[in-house]
Amino acid sequence: MADMYTEKVKDHFYNPRNVGEIKDADGAGTVGNPVCGDIMTIFIKVKDDRIIDIKFQTYGCAAAIASSSITTEIVKGKTLDEAMMLTRDDVANELGGLPAIKMHCSNLATDALREAIKDYRKKKKK
Ligand code: FES
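The sections below set out a description of the structure shown in this document.

Each value, and the rule that gives it
Residues numbered from 1 in each chain as written. Predicted model: local features only at pLDDT ≥ 70, side-chain atom pairs only at ≥ 80, totals over all residues. Heavy atoms only, no water. Buried < 20%, exposed > 50% of the residue type's maximum accessible area, 1.4 Å probe, protein only. Helix = DSSP H or I, 4+ residues; strand = E, 2+ residues; numbered from the N terminus. Pairing = 2+ DSSP bridges. Salt bridge = Lys/Arg side-chain N within 4 Å of Asp/Glu carboxyl O. Contact = heavy atoms within 4.5 Å.

### A word on the pairing of strand 2 (residues 39-47)
Extensive coverage of strand 2 is indicated by the burial of seven of its nine residues. Summarising the sheet, strand 1 (residues 27-32) and strand 2 pair through six bridges and their orientation is antiparallel. Within strand 2, the position partnered with A28 by the bridge is F43. Joining the antiparallel neighbours strand 1 and strand 2 is a turn of six residues, in which G37 adopts a positive phi near 85°. Across eight bridges, strand 2 lies against strand 3 (residues 50-58) in antiparallel orientation. Pairing of M40 across the sheet is with T58, part of strand 3. The turn linking strand 2 back onto strand 3 is made up of two residues, and D48 within it adopts a positive phi angle of 50°.

Okay, here's the thing in structure tokens:
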């Protein structure tokens with residue numbers, strides 16, 4: 001089972017980056033995965049339209065943890081527009097590939113990230 005994952009996936013699963021909660025987050029997004037029922041929340045801090053800090057919490061599987069971990073690394077320092085454009089394929093490619101049956105797991109990270117950005121933009125308008 002574990003052998004279907006690349007070394008990079010395993011690295012991010014065993015040592016996930018940016019796990020946790022940002023208490024005074026500027027935006028937060030939670031999504032559930034319709035395929036498996038797993039849940040993911042992403043918290044962001046924003047300055048000058050860039051993501052300066054990001055953390056995630058998930059009840060997802062190994063692939064979800066690895067995808068979220070790498071997603072936080074990819075988008076830290078990026079503008080909100082750049083982060084909005086990140087796709088699950090970008091995430092999977094960065095991990096050296098995910099097994100086909102695990103691709104739905106990588107949706108969680110990018111979807112929750114988009115929700116967090118939307119949440120930030122909504123709050124900012126007010
Ligand atoms: Fe649910 Fe992977 S099986 S996120």
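### A few points about the pattern of salt bridges
Tallied over the entire structure, the rule returns 12 salt bridges. A salt bridge links D26 to K45; the nearest nitrogen and oxygen atoms lie 3.9 Å apart. Of this pair, D26 sits in the loop between helix 1 (7-14) and strand 1 while K45 is found in strand 2, placing the two residues 19 residues apart along the sequence. Note on D26: relative accessible area 23%, which makes it partly exposed. Its salt-bridge partner being K123, residue D119 comes within 3.0 Å of it at the nearest N-O pair. Here the residue D119 and the residue K123 both occupy positions in helix 5 (residues 103-125), the gap between them amounting to four residues, near one helical turn. When salt bridges with common partners are traced through the structure, they connect D11, R17 and E73 into a single cluster.

### Notes on the environment of G27
Its place among the elements puts G27 in strand 1. We classify G27 as buried; its relative accessible area is 0%. Through-space distance from the C-alpha of G27 to that of C61 is 24 Å; in sequence the pair is 34 residues apart. Those residues in contact with G27 that sit more than four places away from it in its chain are I42, F43, I44, A116, D119, Y120 and K123.

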